[in-house]
Amino acid sequence: MPLKTKIIYSLSNNPWYNLALEEFLLESISRDEVLLYLWQNQRTVVIGRNQNAWKECNYKVLKRDEGKLARRLSGGGAVFHDLGNLNFTFIMGRANYYLNRQLRVIIEAVKQLGIGAEFSGRNDLLVEGKKFSGNAFYFAADKAYHHGTLLLDTDFTQMLKYLQVSAEKIASKGIDSVRSRVVNLKELKADLNLERLKQAMEVSFLEEYGGKGQTEYLQPEDISELKGLYEKYSSWEWLFGSSPDFNVVFEKRFPWGG
């Protein structure tokens, strides 16, 4: 039986609404359907399901700058989102979950744009050894999603500012160490923009899965069914109360190390 395909865009840049919509789409997916959900967050740190919010994020600075902290359902590490980053989520029944197919959509999309990429085997997609996409996964009883980031033109200075690294370590290593490991796609293709990246993802998705690929643009704030999920994702209990038990550790940087 051929799969039904749909492409969903969120018109919101609020991570709590976007994660609420992601979970709502997961709950609503039919067995014969595969969704590509594309979304963006403004000035956000997103941590994994089992991470310690205080350890992973410089929350005081993020809040001062009117940014948001968010916790996702999937595991994995903390990531920074801004409008130079495009987020994707593949949502389907578990019977239709094949990681290689989902990764092929992304790799072929950037290939269309003239950029060669590969999967690192550590949940990252690389170009010439540098990471442009991190991936994470969530499995429910009979449904699943695979989501991640596509670094298009992200501000790495802001990334360092909000992701929690000791001040001493930043002083000793600086932004160069971060830039040596990550790359924006725009650095590789100067004329690349958000619309071209979205279009490439759409084309690659439909080439891989077929179907009509109906496209919907949703404003999560207007979807009444998301109210409860939004309250969960924006709550103190979810953001901070879900952190594992921890002890406070004080560190000092010396010339010979930490």
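These remarks concern the structure in this document.

What counts, and at which threshold
- Residues numbered from 1 in each chain as written.
- Predicted model: local features only at pLDDT ≥ 70, side-chain atom pairs only at ≥ 80, totals over all residues.
- Heavy atoms only, no water.
- Helix = DSSP H or I, 4+ residues; strand = E, 2+ residues; numbered from the N terminus.
- Buried < 20%, exposed > 50% of the residue type's maximum accessible area, 1.4 Å probe, protein only.
- Lys, Arg positive; Asp, Glu negative; His and termini not counted.
- Salt bridge = Lys/Arg side-chain N within 4 Å of Asp/Glu carboxyl O.
- Polar contact = N/O pair within 3.5 Å; in protein donor to acceptor, adjacent residues only side chain to side chain.
- Contact = heavy atoms within 4.5 Å.
- Expected span 1.5 Å × (residues − 1).
- Phe/Tyr/Trp six-rings, centres within 6.5 Å; stacked < 30°, edge-to-face > 60°.
- Lys NZ or Arg CZ within 6 Å of the ring centre and 35° of its normal.

### So, the side chain of Arg-72
Alright, step 1. In this structure, Arg-72 sits in the loop between strand 4 (68-71) and strand 5 (79-81).
Alright, step 2. Although Arg-72 is buried, it forms no salt bridge, and the closest oppositely charged side chain is Glu-22 at an N-O distance of 7.7 Å.
Alright, step 3. At a separation of 3.4 Å, a polar atom in the side chain of Arg-72 contacts the main-chain carbonyl oxygen of Val-46.
Alright, step 4. A polar atom in the side chain of Arg-72 sits 2.7 Å from the backbone oxygen of Gly-77.
Alright, step 5. Each residue touching Arg-72, except ones within four places of it in the same chain, is listed here: Leu-19, Val-46, Ile-47, Gly-48, Arg-49, Gly-77, Val-79, Ala-136, His-147 and Trp-238.

### A look at helix 8 (residues 194-209)
Alright, step 1. Between the first and last C-alpha of helix 8 there are 23 Å, a value that for 16 residues agrees with the 22 Å anticipated at 1.5 Å per step.
Alright, step 2. Those residues of helix 8 that are buried are in contact with strand 1 (4-10), strand 2 (33-39), strand 6 (85-93), helix 4 (99-112), strand 10 (143-151) and helix 7 (185-188).
Alright, step 3. A side-chain oxygen of the first residue of helix 8 lies 3.3 Å from the backbone nitrogen of Glu-195; this N-cap is Asn-193.
Alright, step 4. Just beyond helix 8, the residue with positive phi is Gly-210, at close to 75°.

### Things to note about the environment of Met-201
Alright, step 1. Here Met-201 shows up in helix 8.
Alright, step 2. When its relative accessible area of 1% is taken as the criterion, Met-201 is described as buried.
Alright, step 3. As a C-alpha pair, Met-201 and Gln-112 span 89 residues in sequence and 9.3 Å in three-dimensional space.
Alright, step 4. When near neighbours in sequence (up to four residues on either side) are disregarded, Met-201 contacts Leu-36, Leu-38, Phe-88, Val-105, Ile-106, Ala-109 and Leu-150.

### Topic: the packing of aromatic side chains
Alright, step 1. Summed over all chains, the structure comprises 15 aromatic pairs.
Alright, step 2. Look at Phe-80 and Tyr-162: their rings are 5.8 Å apart centre to centre, the planes differ by 35°, and that puts the pair in the tilted class. Here Phe-80, found in strand 5, pairs with Tyr-162, found in helix 5 (residues 156-162); they are 82 residues apart in sequence, far enough to count as distant.
Alright, step 3. Phe-80 sits in the buried class, given a relative accessible area of 4%.
Alright, step 4. A connected cluster of aromatic rings, assembled from ring pairs, spans Trp-54, Tyr-59, Trp-236 and Phe-240.
Alright, step 5. Its guanidinium or amino end placed over the ring of Trp-16, Lys-68 lies 5.2 Å from that ring's centre, counting from NZ or CZ.
Alright, step 6. The cationic tip of Lys-232 hangs over the ring face of Trp-238; the distance from NZ or CZ to the ring centre is 4.8 Å.

### Regarding unusual backbone geometry
Alright, step 1. For Arg-43, which is not glycine, the phi torsion reads 40° and is therefore positive.
Alright, step 2. Its location among the elements puts Arg-43 in the loop between strand 2 and strand 3 (44-47).
Alright, step 3. Arg-43 sits in the partly exposed class, given a relative accessible area of 28%.
Alright, step 4. Residues other than glycine seldom take positive phi values, yet Glu-66 does so here, at roughly 65°.
Alright, step 5. Looking at the element boundaries, Glu-66 is found in the loop between helix 3 (59-64) and strand 4.

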